[in-house]
Amino acid sequence: MSSPVEPRAPLPTDVDERAKAFQMAQAEMDYRVDLYTRLTGVCFDKCMDHKYKDGDLNVGENSCVDRCAAKYWQCVGIVGQLLGGQQ
């Protein structure tokens, strides 16, 4: 008679790889949160009238935020390519 097959425990390398993958995912999430925070801070300071006359964005503020965010993402992409060596 054959004995039932027992599930094997993950090998230490599997555990290490999972821990590294989790750490990389955490670092990526931290990077993205920081990037978003910086983008909103820069574009808010540049584009918003700090008198707050209206609860909504006016046309000028709206277009400024749109251009600011587009330029910010473009710069982030260029810096990422330069740092990644993909010129």
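This one's a predicted model, so the numbers in the text were calculated from it and none came from an experiment. (Residues numbered from 1 in each chain as written. Predicted model: local features only at pLDDT ≥ 70, side-chain atom pairs only at ≥ 80, totals over all residues. Heavy atoms only, no water.)

Some thoughts on the environment of Glu 61
Formally: The secondary structure listing takes helices from DSSP runs of H or I that are at least 4 residues long and strands from runs of E that are at least 2 residues long, numbered from the N terminus. Residue contacts follow a heavy-atom distance rule, with two residues in contact if any of their heavy atoms lie within 4.5 Å.
Along the chain, Glu 61 falls in helix H2 (residues 59–84). Apart from the residues within four sequence positions on either side, Glu 61 is in contact with Cys 47, Met 48, Asp 49 and Asp 56.

Concerning the environment of Gly 60
Along the chain, the position of Gly 60 falls in helix H2. In this structure, the C-alpha to C-alpha distance between Gly 60 and Met 48, residues 12 residues apart in sequence, is 9.2 Å.

Brief notes about the layout of surface pockets
How we decide: Cavity: a set of points on a 1 Å grid over the protein atoms alone where a 1.4 Å probe fits but cannot get out. Pocket: an open set with protein on both sides within 12 Å along at least five of seven lines, its lining residues, like those of a cavity, having an atom within 4 Å of a point. Grid points are joined across faces, edges and corners, and a volume is the space filled by probe spheres set on the points. Residue classes follow a fixed rule: Ala, Val, Leu, Ile, Met, Phe, Trp, Tyr, Cys and Pro count as nonpolar, while Asp, Glu, Lys and Arg count as charged, and any other residue, Gly among them, counts as polar.
The computed volume of the largest pocket comes to approximately 160 Å³. Every residue along the wall of the largest pocket is listed here: Phe 44, Met 48, Asp 49, Tyr 52, Lys 53, Asp 54, Gly 55, Asp 56, Leu 57, Asn 58 and Glu 61. By residue class, the composition of the lining of the largest pocket is four nonpolar, two polar and five charged.

Some thoughts on the pattern of salt bridges
Quick note on the threshold: Basic side-chain nitrogens of Lys or Arg form a salt bridge, by our definition, when they fall within 4 Å of a carboxyl oxygen of Asp or Glu. Residue exposure (1.4 Å probe, protein chains only): buried if accessible area is under 20% of the type maximum, exposed if over 50%, otherwise partly exposed.
Inspection of every chain in the model, using the stated rule, returns two salt bridges. Among the ionic pairs, Glu 28 bridges to Arg 32, the shortest N-O distance being 2.8 Å. Highlighted residues: Glu 28 and Arg 32, both in helix H1 (residues 12–47), separated by four residues, approximately one helical turn. Judged by relative accessible area, Arg 32 falls into the exposed class, the value being 51%. Its salt-bridge partner being Asp 34, residue Arg 38 comes within 2.9 Å of it at the nearest N-O pair. Taken together, the residues span about one helical turn, with Arg 38 and Asp 34 both in helix H1 at a distance of four residues.

In short, the description is geometric, and any link to function would need to be established separately.
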